[in-house]
Amino acid sequence: MIHYRTYVKAEEAPWVTFIHGAGGSSSVWFKQIREYRKHYNILLVDLRGHGKSERGRWKKGDSFADISKEVIDVLDELQVPQTHVVGMSLGTIVAQTMADNFPSRVKSLVLGGAIIRLDVRTKFLLFVGNVSKRIVPYMLLYKLLAYIIMPRKEHEESRMVFVNEAKKMCQKEFVKWFSLTHLINPYLSRLQMSTTSIPTLFLMGDEDYLFIPPVEKVVKMSKTFEYIAIKNAGHVCNIDQPDEFNRISIDYIAKIEQQNAAVFV
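Residues numbered from 1 in each chain as written. Predicted model: local features only at pLDDT ≥ 70, side-chain atom pairs only at ≥ 80, totals over all residues. Heavy atoms only, no water.

## Details of helix 9 (residues 212–219)
Part 1: Inspection of helix 9 places I212, P214, V215, V218 and V219 among the buried residues, and these make up the whole buried set. Take helix 9 and look down its axis: the buried residues cluster within an arc of 160 degrees, on one side only. (Buried < 20%, exposed > 50% of the residue type's maximum accessible area, 1.4 Å probe, protein only. Helix = DSSP H or I, 4+ residues; strand = E, 2+ residues; numbered from the N terminus. Arc of directions from axis to C-beta.)

## Here's the deal with the sheet that holds strand 3 (residues 41–45)
Part 1: What the 7 strands build is an open sheet, ordered 1-3-2-4-5-6-7; its pairing is mixed. At either margin of the open sheet sits one strand with a lone partner, and together these are strand 1 (4–7) and strand 7 (225–230). Strand after strand, the sheet turns through a mean of 20 degrees between neighbouring axes, direction not considered.
Part 2: Contacts from helix 9 reach strand 6 (200–205) and strand 7 within the one sheet, and its direction differs from that of strand 7 by about 150 degrees. (Pairing = 2+ DSSP bridges. Axes fitted to C-alpha atoms, helices over the stretch in contact; angles between N-to-C directions. Contact = heavy atoms within 4.5 Å.)

## With respect to the side chain of S222
Part 1: Along the polypeptide, S222 turns up in the loop between helix 9 and strand 7.
Part 2: Taking relative accessible area as the criterion, S222 reaches 13% and is therefore assigned buried.
Part 3: A distance of 3.4 Å separates a polar side-chain atom of S222 from the backbone oxygen of T196.
Part 4: Among the polar contacts listed, one links the side chain of S222 to the side chain of T224, at a separation of 2.7 Å. (Polar contact = N/O pair within 3.5 Å; in protein donor to acceptor, adjacent residues only side chain to side chain.)

## Overview of the environment of V106
Part 1: Along the polypeptide, V106 turns up in strand 5 (residues 106–112).
Part 2: With 11 residues separating them in the primary sequence, V106 and A95 have C-alpha atoms 8.9 Å apart.
Part 3: Setting aside residues up to four positions removed in sequence, V106 forms contacts with T83, V85, M98, A99 and I198.

## Overview of the packing of aromatic side chains
Part 1: One pass over the full model with this rule turns up 5 aromatic pairs.
Part 2: Ring centres of F18 and W29 lie 4.9 Å apart, and the angle between their planes is 55 degrees; on these two criteria the pair is classed as tilted. Here F18 is found in strand 2 (residues 15–19), whereas its partner W29 is found in the loop between strand 2 and helix 1 (33–36), with 11 residues between them in sequence. Considered together, F18 and W29 belong to a single accessibility category, that of buried residues.
Part 3: On the basis of an interplanar angle of 45 degrees and a centroid distance of 6.1 Å, the ring pair of Y36 and Y40 is categorised as tilted. A single burial state applies to Y36 and to Y40, both of which are buried.
Part 4: Aromatic rings pair up to connect F18, W29, Y36, Y40 and F245 into one cluster.
Part 5: The cationic tip of R48 hangs over the ring face of W58; the distance from NZ or CZ to the ring centre is 4.4 Å. (Phe/Tyr/Trp six-rings, centres within 6.5 Å; stacked < 30°, edge-to-face > 60°. Lys NZ or Arg CZ within 6 Å of the ring centre and 35° of its normal.)

## Notes on the side chain of D100
Part 1: For D100, the location among the structural elements is in helix 3 (residues 91–101).
Part 2: A polar contact of 3.1 Å, which involves the side chain of D100, links it to the side chain of S194.
Part 3: In contact with D100, other than residues within four places in its own chain, are R190, L191, S194 and T195.

## Examining the pairing of strand 3
Part 1: Across the 5 residues that make up strand 3, a large majority, 5, are buried.
Part 2: Across the two faces of strand 3 the burial is the same, with N41, L43 and V45 and I42 and L44 all buried.
Part 3: Relative to strand 3, strand 1 is paired through 4 bridges, and the arrangement is antiparallel. Looking at the pairing, T6 lines up with L43 of strand 3.

Right under this line is the structure:
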């Protein structure tokens, strides 16, 4: 089982599961834990090959479905029937895959720095990465991607957090994760259509120039999708502007909880 840790407020309190992006770990949520644990039970996971989770779990043909099932396995272990899910960057794809494959287990999605579709620039970056991933040291490639996605001086803390976390990975794990990006656009398009029944908040930094346009487009697809841009924040908006990220996301989850409660009255 992948590594996880919990913060339990009360047995009856709602659960919130946090899913980090590629190269990160559960520690990237350090600016969220203090506020969230005042309201909710918290589950933090390290995805396979990240943080304290086991390396070498990959089998031929593994996909985002297999990775999301490992998070569900943790929920089963803890006997958590339903959870709100907060994802960041590539973790938003894992979160949406959970909602797609196990819709009864996911109350809502908060997708920070959401990856919805890859434009020409990001596809070119991934093409270069896939061509060179086995010959270029992965940290060099990761640092380059971090600078391209988070280019401003104001994003320096976010870059450093993810670069330092990525150092704990190994080349083989990085290659496996990078390989998941192959043919990702068709998968993402289907995913957006199949998760419209799940209340979803896309929470983006207004400086996340690569990924905002597709999000703005997809939000128009469903009344269950909402979109908020956080000012002066980049791709990793939970670190760039943690107070705003916490306030907006906690309020959103509280709203969903109130709506659910009203249904059963």
